[in-house]
Amino acid sequence: MRVLIIEDEPDLLKSLARGLRDEGYAVDSSDNGEDGLFNAQSNDYDAILMDVMLPKLDGWQILEKLRKTKKTPVLMLTARDQTKDRVRGLDSGADDYLIKPFNLEELLARLRAIIRRSANQTSNILTIGDVAVNLASRTITHNKTPIELTAREYSLVEFLALHKGEVVTRTQLYEHLFDENESSLSNLLDVHVSKIRKKLGSEFIATRRGHGYCVG
């Protein structure tokens, strides 16, 4: 999953990016509203974490412009804890609202929730044949046996599972699993698919030649 962080506090931005990458997310970042809006409009992110008080454009202005073309889930981050501010954020198109300071575990849980809802999933457990993907614990079992995957391998399986029955193109996978600093010309995707097939069965991910990959 690829996430955009728009935050002007350098230490918090660095901490959030590190925490999300440790969880296997691909992360892009912007430290002002104008750059953040440009990135948000130019890429198909799985979610956006966004401060309200930003230089150049604030979070509400970004939401107003973004919602004209994009439905990307947005989690607002702010030190403003008045009810009217939370209401304004939600009414402006935010999907959730988190008050600073916050716990990283809660942020991750809220992030998983808005991504799950955007994919119209009501359950944390996605089942594909003998494979079960737990979106909450970010774990996978095969025939009820826990399978160890790297963070990137898990993200690939999760993205395909959230699009169960659909053909997902290589371009989509690169756009959602790798950040702006990683090359889409590498063979990383093929390597990850090969390793996942060895762990979950050669038939788990089907190749649609000339189109992409599919599960389920």
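Quick caveat, the model's predicted, so the values are computed rather than measured. Starting from 1, residues in each chain are numbered consecutively following that chain's sequence as written. Totals for whole chains, interfaces and linings use every residue, but because this is a predicted model, local features are given only for residues with pLDDT of at least 70 and side-chain atom pairs only at 80 or more, for both listing and counting. To obtain the side-chain values, all non-hydrogen atoms of the structure were used and water was disregarded.

Novice: Help me understand the sheet that holds strand β2 (residues 26-30), please; the structure alone is not making it clear to me.
Specialist: The strands that make up a sheet pair up through hydrogen bonds in the backbone, lying either parallel or antiparallel. Taken in spatial order, the five strands line up as β2-β1-β3-β4-β5 in an open sheet, and their pairing is parallel. With partners counted over all chains shown, the strands left at the sheet margins are β2 and β5 (96-99), one partner each. Across the sheet, the axes of successive neighbouring strands diverge by a mean angle of 20°, strand direction being ignored. As defined by bridge partners, strand β3 (residues 47-51) adjoins strand β4 (residues 74-78) across four bridges and the pair is classed as parallel. Opposite D51, over in β4, you have L77 as the bridge partner. A pair of strands is considered paired only if DSSP assigns at least 2 bridges between the two. The helix count covers DSSP runs of H or I at least four residues long, the strand count covers runs of E at least two residues long, and both are numbered beginning at the N terminus. To get an axis, fit a line to the C-alpha atoms, keeping to the stretch in contact for a helix; angles then go from 0 to 180 degrees between the N-to-C directions.

Novice: Is there a simple way to explain the packing of helix α6 (residues 151-162) against helix α7 (residues 170-177) in this structure?
Specialist: Packed helices, taken two at a time, are described by the angle between their axes plus the distance between the axes. Contact geometry for α6 and α7: axes closest at 11 Å, N-to-C directions at 125°. In terms of orientation, α6 and α7 fall into the oblique class. When you trace α6 past α7, the crossing you get is right-handed. Touching R152, S155, L156, F159 and L160 of α6 are L173, H176 and L177, all from α7. The residue makeup of the contact of α6 with α7, split by class, is five nonpolar, two polar and one charged. Oblique is the label for every angle not falling under 35 degrees (roughly parallel), over 145 degrees (roughly antiparallel), or within 65 to 115 degrees (roughly perpendicular). Note on convention: the crossing is left-handed when the near helix lies turned anticlockwise from the far helix by less than a right angle, right-handed when the turn is clockwise. When checking whether two residues touch, look at their non-hydrogen atoms; a contact exists if any pair is within 4.5 Å. Each residue is assigned to one class: nonpolar for Ala, Val, Leu, Ile, Met, Phe, Trp, Tyr, Cys and Pro, charged for Asp, Glu, Lys and Arg, and polar for all the others, Gly among them.

Novice: Explain the pattern of salt bridges here, please?
Specialist: Side-chain pairing between opposite charges can occur once the charged atoms of the two side chains come close. Whenever Lys or Arg places a side-chain nitrogen within 4 Å of a carboxyl oxygen from Asp or Glu, that contact is recorded as a salt bridge. The full count for this structure, using the stated rule, is 13 salt bridges. Salt-bridge contacts for K100 lead to E7; the nearest nitrogen and oxygen are separated by 3.0 Å. Here the residue K100 occupies a position in the loop between β5 and α5 (104-118), and E7 occupies one in the loop between β1 (2-6) and α1 (10-22), the gap between them amounting to 93 residues. When a residue's accessible area, from a 1.4 Å probe over protein chains only, is under 20% of the maximum for its type it is buried; when over 50% it is exposed; and in between it is partly exposed. For K100, a relative accessible area of 14% puts it in the buried group. Ionic pairing is found between E9 and K100, a salt bridge with its closest N-O pair at 3.3 Å. Taken together, the residues span a long stretch of sequence, with E9 in the loop between β1 and α1 and K100 in the loop between β5 and α5 at a distance of 91 residues. Each of E7, E9, D51 and K100 takes part in one network of salt bridges that share partners.

Novice: Mind showing me how you'd approach unusual backbone geometry here?
Specialist: Leaving glycine aside, a negative phi is the common case for residues, and trans is the common case for peptide bonds. In this model, K100 is joined to P101 through a cis peptide bond whose omega is -10°. Tracing the sequence through the fold places P101 in the loop between β5 and α5. For R138, which is not a glycine, the phi torsion comes out positive at approximately 55°. Relative to the helices and strands, R138 is located in the loop between β7 (131-134) and β8 (139-142).

Novice: What am I meant to see in the packing of aromatic side chains here?
Specialist: A ring pair, where both rings are aromatic, is described by two values, the distance of the centres and the angle of the planes. For Phe, Tyr and Trp, rings pair up if their centres lie within 6.5 Å, where Trp contributes its six-membered ring, and each pair is then called stacked (planes under 30 degrees apart), edge-to-face (over 60) or tilted (otherwise). Under the definition given, this model contains one aromatic pair. Aromatic pair Y174 and F178: ring centres 4.9 Å apart, planes at 35°, arrangement tilted. The exposure class assigned to F178 is buried, which follows from its relative accessible area of 2%. A positively charged side chain is recorded as over a ring if its NZ (Lys) or CZ (Arg) lies within 6 Å of the ring centre. The angle to the ring normal must also be within 35 degrees. Looking at R138, its charged tip hangs above the ring of Y25, at a distance of 4.6 Å from the centre.

Novice: When you look at the domain arrangement of the protein in this model, what are you seeing that I'm missing?
Specialist: Interfaces are often sized by the amount of accessible area the parts lose when they come together. Note that domain bounds follow an automatic or database assignment of domains. Partitioning the protein into domains gives domain 1 (2-118) and domain 2 (125-214). Measuring from the centre of the C-alpha atoms in domain 1 to the corresponding centre in domain 2 gives 25 Å. Listed as interface residues are 14 residues of domain 1 and, on the opposing side, 13 residues of domain 2. Take the accessible area each of two parts loses on contact, using a 1.4 Å probe, and add the two losses: that sum is the buried area. Summed over both partners, the interface of domain 1 with domain 2 comes to about 1200 Å²; 43% of that surface belongs to carbon and sulfur atoms.

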